Amino acid sequence: MTSDFLDNYFMAEALRQAQRAYDDGEIPVGAIVVIGERIIGKGYNQTERLKDVTAHAEMLAITAASEYLGGKYLQDCTLYVTLEPCVMCAGALYWTQMKRVVCGASDEKRGFIKLGKNVLHPKTQLKTGILAEESQELLLNFFKRLRT
């Protein structure tokens, strides 16, 4: 299978996680961690549910993947996340030494890319814009629903 096909396939799974957050009244961001072609960690925003500001989708997916592998380094893994990670999550990704990070929608307000430098590990590959429109639409619908 091609890299583009797999990126779309796994981002669709991250979007399913984001939908879970949406359904729970959380900001709809979802993340999965993949090694090879196997999902080893999933997460969706649960900051309200857990009353924990660090309970971002990426953090929960990283924790699940680390537990699955029995170690803190995820050097052979890819994180798929529906929204560009914040600085906190990018810092965590740095420490995991994640091989690849694939993002959906960009986050102009809180995303790490706006810093003008890459805060990911130097060996981490970054790919953006995968299913970005679908990710953005879910976010826009969530905030529109909050305002009505």
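In what follows, the structure referred to is the one given above.
Calculation notes
Residues numbered from 1 in each chain as written. Predicted model: local features only at pLDDT ≥ 70, side-chain atom pairs only at ≥ 80, totals over all residues. Heavy atoms only, no water. Buried < 20%, exposed > 50% of the residue type's maximum accessible area, 1.4 Å probe, protein only. Helix = DSSP H or I, 4+ residues; strand = E, 2+ residues; numbered from the N terminus. Pairing = 2+ DSSP bridges. Axes fitted to C-alpha atoms, helices over the stretch in contact; angles between N-to-C directions. Contact = heavy atoms within 4.5 Å.

**Some remarks on the pairing of strand 1 (residues 30-35)**
Looking down a regular strand, the side chains alternate between one sheet face and the other.
Now for step 1: Counting buried residues along strand 1, five of its six residues qualify, which places the element largely inside the surrounding structure.
Now for step 2: If you look at the hairpin formed by strand 1 and strand 2 (residues 38-44), you'll find two residues sitting between the two strands, and G36 has a positive phi there, around 65 degrees.
Now for step 3: Judged from the five bridges that link them, strand 1 and strand 3 (residues 77-83) form a sheet pairing that is antiparallel. Along strand 3, the bridge assignment pairs V34 with T78.

**Topic: the sheet that holds strand 5 (residues 125-127)**
Now for step 1: The mixed open sheet is built from five strands, whose spatial order is 2-1-3-4-5. Both edges of this open sheet fall to strand 2 and strand 5, since each of them pairs with a single strand only. Each strand of the sheet is rotated relative to its neighbour by a mean of 15 degrees, with strand direction disregarded.
Now for step 2: In this structure, strand 3 lies alongside strand 4 (residues 100-105), joined through five bridges in parallel fashion. Within the sheet, the bridge partner assigned to L83 lies in strand 4 and is A105.
Now for step 3: Its contacts with the sheet place helix 5 (residues 132-147) against strand 3 and strand 4, and it is angled at close to 55 degrees to strand 4.

By themselves these figures say nothing about function.
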